[in-house]
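Spelled out from the first residue to the last, the chains are:
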Amino acid sequence: MAPAALAPLARAYNKLAAFNVEDLFVRKRAPGPRRTIFVNENLPQDYHDAKGRVKPDHVYGTNQVLTSKYTIITFLPRNLLEQFRRVANIFFLAIAILQFFNKFSTISPGLVILPLLIVLAITAAKDGYEDVKRHQSDRRVNHTPVRILTGGGWVNPNAMSKKNRTFVRGLIPTGNRTKAKKGQLVNDPKNPGLVQSAGTGRTQTEVEHTDNEYDDTHDDSSQGHGPSLFGHHSHQTRAHWRRAIWEDVRVGDFVKIKDHEPFPADILICATSEDENVAFVETKNLDGETNLKSRNACATLTHLRSAADCADTRNRFRIEADRPDVNMYKLSAALKLDSKDEAEREKGIGGETHPIDMQMTLLRGTVLRNTAWVIGIVMYTGEDTRIVMNSGRTPSKRSKVERQMNPQVFINLIILAIMAIVCGIVDSVLEHRDYPLSAPWLFLDNQSDDNPSINGLITWAYALITFQNIVPISLYISIEFVRTCQAAWIYFDSEICYQKTGQATLARSWNLSDDLGQIEYIFSDKTGTLTQNAMVFRQCSVAGKVYRGEPDAEETTTPKAGLSTQALTPIVPLALDPKIDAKSSSSSSSTAASPSPPIATQTHDIKATPDLPAPRGPNRFVSAPLSDDLRAAAAHSYDPTHARALNGFFSVLALCHTVLTGTDPETGALQYKAQSPDEAALVQAAADVGYVFRGRDVDVLTLQTPFTSEGEEEGQGHRLERYKLLNILEFTSARKRMSVVLRKLDDEDGRVFLLCKGADNVIFERLREGGEGEGREETERNLGEFASEGLRTLTLAYKVVPEEEYEAWSERYHAASVAMDERDEKIEAVSDELEHDLRLLGATAIEDRLQDGVPETIADLKRAGIKIWVATGDKLETAIAIGHSTNLIGRESNIIVIRGGSGGRPVYQQMVHAAEEFFPEMDLLSDEAVNHPRPSFTSPRPSTSSRPDDRQYPLRRIDTGLSSIVGSNNGDRPGGFVLVVDGAALDHALSDDENKRLLLRLATLCEGVVCCRVSPLQKALIVRLVKDGLGVMTLAIGDGANDVSMIQSADVGVGISGEEGLQAVNSSDYAIAQFRFLKRLLLVHGHWSYARNGNMILNFFYKNIVCIGVLWWFQIYCGWSSNYVFEYTYLLFWNSFWTIAPVIGIGLFDRIVDAHVLMDLPELYRYGREGRWFGLKWFTIYMFDGVVQTMVFSAVIVANLFNGLNTNVWTGWVFFAVFIGIFLITIYTAVYAAISPGWFVTPMFGYNHYLWPSAYFWLCLPLTICLALAPRYIAKAWKFGFAPDDIDTMRYIRKMEPDRDLTKEAHVGRTSYSRPFPRPSSSRRTSRTSFTSEVQGRPSFDPRNGSRTDMSTGMRSVHRGFDFSTEEGGVAMQRMQTNLSERRASDRNLASSTEQNTNRNRRRGTLGHVFSVRRGFLRKKPSTVDER
């Protein structure tokens, strides 16, 4: 048939194969309507229809979120449709229906259909059990407690849709409820506090929890209220907060959320515990960023600080909002207040309108941090929330093996059709030939329904029934059983059970075990998946000298990011200063955000409190050399230059930040509260060595140093230094630095200091000339070493600002800060004026602590040939740093950066430029490149030696104030390429097919891809791009709600049950506790399951073709009449008893090679990744083998022994499985043939007399067995002896040398070689190295090893590990800047001694006066001081 004729058939089959059951049962829900939320007022009359019901446009979705697939009503039809996607099930149903007609009946029709019903029932029970588990997980989420406003006459008129029925709730009757018009509230006369919303089907007290919380504890005995905070009362009339559950939260409800609690819906902030109504939220569950974000309340609603205020009917307003949107960074809404004039209010005119934006909104999935409480009003619920809209419905996934089986079943059906047609035609021809000859077997074959012309068709139908076992119905139930047991093997594997929590790896979808062995691409989240959400201060370089922390000082527990930690005592023993003013011990609020104390913990910034114990952290920075140097400095026996550098370095760490302080209510120790986990680690490290930030009193910072005060004995006191905060030059992604301007108090000259921290290239460009003696070259070298170890680096510097210079600059800065036009640009320009002529102090190295074993796991997965893409919401620098630390980006890798945004080249041009510059030989821009074979990502870039030296796009040399940092071979490093793309670039790259194709081609040529600043929806689109564009098997792994859509889009979704909740686990196919377990899950269980299932299915087809082949050859001797050669029960029990055990044994117990070999040699995974264990090729071979064996028939024995021959390992269970069928058929034949007709008539009676004494039987049995098995045995022996593959070699080595250590040496393939496989060490240094660098033995650091090319700007640079995570332009920073400006204006209006300050003796330009230690600190070396 011509290809053109085949095309329509192919399209029809593809359309049928792409049929999605979800399309029938799950309608793609359109975003909810635009909404006007009414608070403390009823709905308008035009919101109701003629029957008084609220119109659908004004009914909002419930807050119930379900990840389950079925309900009581949809389970049966949906599950049956899913099962009948299998072609074989449709065939079995047709055959069963055919046998209900008497003409074609073989046995009772009920018995005929019974096997199919059993298969469908068992599969449905398995699917139902899986979904019950999803329902239980959904219930845990939907029944999370939350506080909702109740009582005090409060009514919520906004109409909500009814909650969905589930397996549990669908069986429970709702009961009688009070009826009322939708949109109105009615009171129960029997219970004044019981308020029901019409149209919602629930009362406001219908919850599991009946605890009530009051904003005060005053006695209200007249209403029956006690003074307790929580109480049970029969009549609740006073406004209070009632404990409800998430799924009962409604649009328009007031809710109260406390510290560390998640938000149940998208909420508008009314008020917070902070004086300035700021709330801090942790958004890593949405965007993957670990730093806290600040949000502010709507200024118009800040008076709603209690339940009584919220319930007061005088506080009426409306919120008008857009339809729900997937964009998590944009919100268009407005708050409308009625006019105070009654006449205007009645006319609906007047009033005030206030804007609402995302800065005032708390999204579902985020968690409240560092804020005692927040009161808000619900705007969007359930599927209308941003996080849920970025997720998808739970898909019905089918394994690749199952999809591949359908064409094979089609082939078998075609063979069956051919066999039936041949039987029908030949039978009809024979009857036409023999009927005129008066053949006795054709007597009376001249009826209308019984004649040679009709009987051919009847024979065709009979043949379908006779040969139906060519498609075994027991195959599917066997696969389901085997996969269920494989899920149990995974669950009971102690190697992937997290011992700390006892959490085992759980298979939530049992039908995907073989997909685990075919994964080609892994898409991973970062935060919580690869990392622990903990920053640890590891090393620092001070004036060129490196101090490394001791790992033994770490404690076993790790804090959550964003949470404050308790710090350890300083290295130098400190005592309290008795001379501190009592005023400094009192508690006060911060200039940034000063909340009132929460119930459990004081989270506000406090005034300097030297009487509090020093903070204690779970990850203590302890360095013996640093301790010795500090002690020597305190004893005046150390180099004074380096001593002052140490003092300045840790003073900058302790002062250049925006950290708040508080007190731990349990220990009473000082506690740090930071928005940025990096800042928390830096300030904590300074406290660990004795530089303890004691807090701020308005704008005065207090620092405790480890040196004794003047006049005190050494070791008996401490020194407190005070600094006035003048300005904060905040961190942005463009500036890549943060600075603070301070004035030192309690000093005779009151000098002004600029303290700065930031990226190395930015700081080095701003260093003063002639500063070579400050250890610049050593610091550069140390930064390179830190970056090569995957650590996040910051460079510290400072300068002394002359008073006249600062006064003039302060005026320019103030003018820029109040400018109406181009304010940000002017502030940046003025800030840059001050940030120059800096003095270098050193650099820090922070570890974004990884999950245990992550670098080793990623290295081994890359060795297995799996491509790993990381998709994170973090910024670009963080993503690159994690790429280095996890081995995804090697030490010698070249990084290609594609950026979006308004500046720089367009995204498409960036990709074109990257393709032309780095991959000119691949011709990526041609149309033919679409079908270009995918290159191996492990292969290095094609050699450019054949090209001229001056290439078409010569590499630029960038001078950034340093010596040139780009070598001549930049871009040609041996480490390959890694592509880094940000979310803005992905918006363009995924916008049309041309951009998608180019991005995909470019990405497949890189050894790794990192996508940063991506939304949850973009994560799913990336997975689909690779999955659909390349047709490969994909796996997605994550631990947060922002990973749900990615997990659902991949072929296999893996959820990590970490700190970000159970949303990812609830939507996943497999749940693991640690990322490192993924290695064993794929390399061992996945590879085993795929090889077992593939081998089992092939042997299933083989043994059934053996049975059918015997029946087929018998047709020659029965006139092609479709009669059986066996007694029917033998055929009936063929797949049930005689031959079922060996194939089940293969699926359960076979091992291609031992587990430790698969773990030690990840390269063996390619056999599964390339689909070697199952496919059309092997199907054809096994079918041909079966046909050959039907000619030398010894059915059951041969079939079972052949299955055993295809088993790689023979255990006791395999022996049992192979021989149990032979034993059963022998016993059955002896017993069945001995039953006399007196019991019941059997066609076998008397066979014992002829069979067992027959010499022909006993002599032919071994002959037929040997002839049948010889072809396969000879083929296997030849392959193992003359053409062994890697699996054969490893099995031979394991057999002959069981003690051989394969981690160091392996013989793979035909040729034995002794080069040891590189194994990443568990130590950080070696685990950060790339595969290439280990093989080639490159030096520990070469500043030209790896390059980074920003295609947006064309800039090249060497990566030195810079990374710093903090909120940019947040509300907290804006409030702090406002307070500083107000303080500046206040100070200028006071009569101050500025003239005195101006005329002071200002010493400038010497390091000795920066954060100077007391005058006697270095008195043992006065000459050095004088020289300075």
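Structure shown above.
These lines cover the structure that appears in this document, whether it is placed above or below. (Residues numbered from 1 in each chain as written. Predicted model: local features only at pLDDT ≥ 70, side-chain atom pairs only at ≥ 80, totals over all residues. Heavy atoms only, no water.)

Some details on the overall build of the protein chain
- Counting secondary structure elements, the protein chain contains 44 helices and 42 strands.
- Here the protein chain holds 1428 residues, and 58% of them are scored as buried.
- Restricting the contact set of the protein chain to residue pairs at least 6 apart, pairs at least 24 apart contribute 77%.
- About 58,400 Å² of surface is accessible on the protein chain, with carbon and sulfur atoms providing 57% of the total. (Helix = DSSP H or I, 4+ residues; strand = E, 2+ residues; numbered from the N terminus. Buried < 20%, exposed > 50% of the residue type's maximum accessible area, 1.4 Å probe, protein only. Contact = heavy atoms within 4.5 Å. Areas by Shrake-Rupley, 256 points an atom, 1.4 Å probe, with all protein chains shown as cover.)

Re empty space enclosed by the protein
- Under the definition given, this model contains 11 cavities of 30 Å³ or more.
- Approximately 330 Å³ is the volume attributed to the largest cavity.
- Those elements that place two or more of their residues in the lining of the largest cavity are α3 (75-83) and α5 (109-142).
- Ranked by residue count, the leading element in the lining of the largest cavity is α5, at five residues.
- Residue composition of the lining of the largest cavity, grouped by class: three nonpolar, 11 polar and 13 charged. (1 Å grid on protein atoms, 1.4 Å probe; cavity = no way out; pocket = protein on both sides within 12 Å on 5 of 7 lines; lining within 4 Å. Points joined across faces, edges and corners; volume = space filled by probe spheres on them. Nonpolar A, V, L, I, M, F, W, Y, C, P; charged D, E, K, R; others polar.)

Structural notes on the pattern of salt bridges
- Within this structure, the stated rule accounts for 58 salt bridges.
- Two residues, arginine 147 and glutamate 261, come together in a salt bridge whose shortest N-O distance is 2.9 Å. Placement of the pair is arginine 147 in strand β3 (residues 145-150) and glutamate 261 in the loop between β11 (254-258) and β12 (266-272), with a sequence separation of 114 residues.
- Where arginine 863 meets aspartate 860, a salt bridge forms, and the shortest distance between an N and an O atom there is 3.4 Å. Of this pair, arginine 863 and aspartate 860 both sit in helix α20 (residues 854-863), three residues apart, which is roughly one turn of the helix.
- Linked by salt bridges that have partners in common, Arg735, Arg737, Glu765, Arg766, Glu828, Asp832 and Glu835 make up one network. (Salt bridge = Lys/Arg side-chain N within 4 Å of Asp/Glu carboxyl O.)

A word on the side chain of threonine 62
- Structurally, threonine 62 is set in the loop between β2 (59-60) and α3.
- Using a relative accessible area of 12% as the deciding quantity, one classes threonine 62 as buried.
- Among the polar contacts made by the side chain of threonine 62, one reaches the main-chain amide nitrogen of glutamine 64 at a distance of 3.2 Å.
- Contact partners of threonine 62, with chain neighbours within four places excluded, come to Met160, Ser161, Lys162, Lys163, Glu247, Thr381, Gly382 and Glu383. (Polar contact = N/O pair within 3.5 Å; in protein donor to acceptor, adjacent residues only side chain to side chain.)

Thoughts on the sheet that holds strand β13 (residues 278-282)
- With antiparallel pairing, the three strands of this open sheet are ordered in space as β14-β13-β19. The sheet is open, and its two borders are formed by β14 (292-296) and β19 (367-369), each paired with just one other strand. Adjacent strand axes in the sheet meet at a mean angle of 45°, parallel and antiparallel pairs treated alike.
- Note: β13 against β14, five bridges, orientation antiparallel. (Pairing = 2+ DSSP bridges. Axes fitted to C-alpha atoms, helices over the stretch in contact; angles between N-to-C directions.)

Topic: the state of the cysteines
- For the coordinates displayed, the defined rule picks out zero disulfides.
- Cysteine 1011 provides the cysteine sulfur closest to cysteine 1012, a residue in no disulfide bond, and the two sulfurs are 7.7 Å apart.
- Take cysteine 1012: its relative accessible area is 1%, and that puts it in the buried class. (Disulfide = S-S within 2.5 Å.)

Quick word on the packing of helix α12 (residues 474-491) against helix α28 (residues 1077-1114)
- The N-to-C vectors of α12 and α28 enclose an angle of 160°; their axes lie 11 Å apart at closest approach. Viewed along their axes, α12 and α28 adopt a mutual orientation that is roughly antiparallel. Where α12 crosses over α28, the handedness of that crossing is right-handed. Between α12, through Ser474, Leu475, Ser478, Ile479, Val482, Arg483, Gln486, Trp489 and Ile490, and α28, the contact on the second element is made entirely by Leu1081, His1085, Ser1089, Arg1092, Asn1093, Met1096, Ile1097, Phe1100 and Phe1101.
- Residue composition of the contact of α12 with α28, grouped by class: 10 nonpolar, six polar and two charged. (Parallel < 35°, antiparallel > 145°, perpendicular 65-115°, else oblique. Left-handed = near helix turned anticlockwise from the far one by under 90°.)

Observations regarding the nonpolar core
- Grouped together as the largest cluster of nonpolar side chains are 76 residues, with contacts concentrated most on Val409, Phe467, Val471, Met1096, Ile1097 and Trp1134.
- The greatest single-element share of this core, amounting to 13 residues, is contributed by α28.
- Discounting residues that sit within four places of it in the chain, valine 471 has contacts with Ala88, Phe91, Phe92, Val409, Asn412 and Leu413.
- Membership of the second largest hydrophobic core comes to 53 residues, among which are Val542, Leu653, Phe693 and Leu703. (Core = buried A, V, L, I, M, F, W, Y, C linked by side-chain atoms within 4.5 Å.)

A few points about the environment of proline 262
- If you trace the backbone, proline 262 turns up in the loop between β11 and β12.
- Measuring from C-alpha to C-alpha, the distance between proline 262 and valine 281 comes to 9.2 Å, with 19 residues separating the pair along the chain.
- With near-sequence residues (within four places) excluded, proline 262 lies in contact with Trp246, Ile257, Thr366 and Val367.

Section: helix α4 (residues 87-98)
- When the terminal C-alpha atoms of α4 are compared, their 17 Å separation across 12 residues agrees well with the 16 Å that a helix rising 1.5 Å per residue should span.
- By the burial criterion, the buried members of α4 are Val87, Ala88, Asn89, Phe91, Phe92, Ile95, Ala96 and Leu98.
- Each element contacted by the buried residues of α4 is listed here: α3, α5, α10 (400-434), α11 (452-466) and α12. (Expected span 1.5 Å × (residues − 1).)

A closer look at the sheet that holds strand β32 (residues 792-801)
- Across the sheet, which stays open at both edges, the nine strands sit in the order β24-β23-β33-β32-β31-β30-β29-β28-β27 with antiparallel pairing between neighbours. In this open sheet, the two strands that pair with only one neighbour each are β24 (545-548) and β27 (692-697). Within this sheet the neighbouring strands show an average axis-to-axis angle of 30°, counted without direction.
- Strand direction decides the pairing type here: β32 and strand β33 (residues 839-850), joined by seven bridges, are antiparallel. Its bridge partner being in β33, alanine 797 is matched across the sheet by leucine 840.
- Sheet strands touched by helix α15 (residues 677-688): β23 (531-542), β27, β30 (737-744), β31 (752-758), β32 and β33. Its angle to β23, the strand with the most contacts, is close to 50°.
- The strands touched by helix α17 (residues 776-788) are β23, β24, β32 and β33; relative to β33, the strand with the most contacts, the crossing angle is about 5°.

What to know about the packing of aromatic side chains
- Inspection of the entire model under this criterion finds 41 aromatic pairs.
- Across the ring face of tyrosine 1167, the terminal group of arginine 1166 is positioned such that the distance to the ring centre comes to 4.6 Å.
- Between the NZ or CZ atom of lysine 1177 and the centre of the ring of tryptophan 1178, over which it lies, the distance is 5.7 Å. (Phe/Tyr/Trp six-rings, centres within 6.5 Å; stacked < 30°, edge-to-face > 60°. Lys NZ or Arg CZ within 6 Å of the ring centre and 35° of its normal.)

Brief notes about the packing of α3 against α5
- At a closest axis distance of 10 Å, the pairing of α3 and α5 adopts a crossing angle of 115°. Between α3 and α5, the interaxial angle falls into the category roughly perpendicular. Between α3 and α5 the crossing geometry is right-handed. Across the interface between the two elements, Phe75, Asn79, Leu80 and Gln83 from α3 touch Val119, Leu120, Thr123, Ala124, Asp127 and Gly128 from α5.
- Considered class by class, the residues forming the contact of α3 with α5 number five nonpolar, four polar and one charged.

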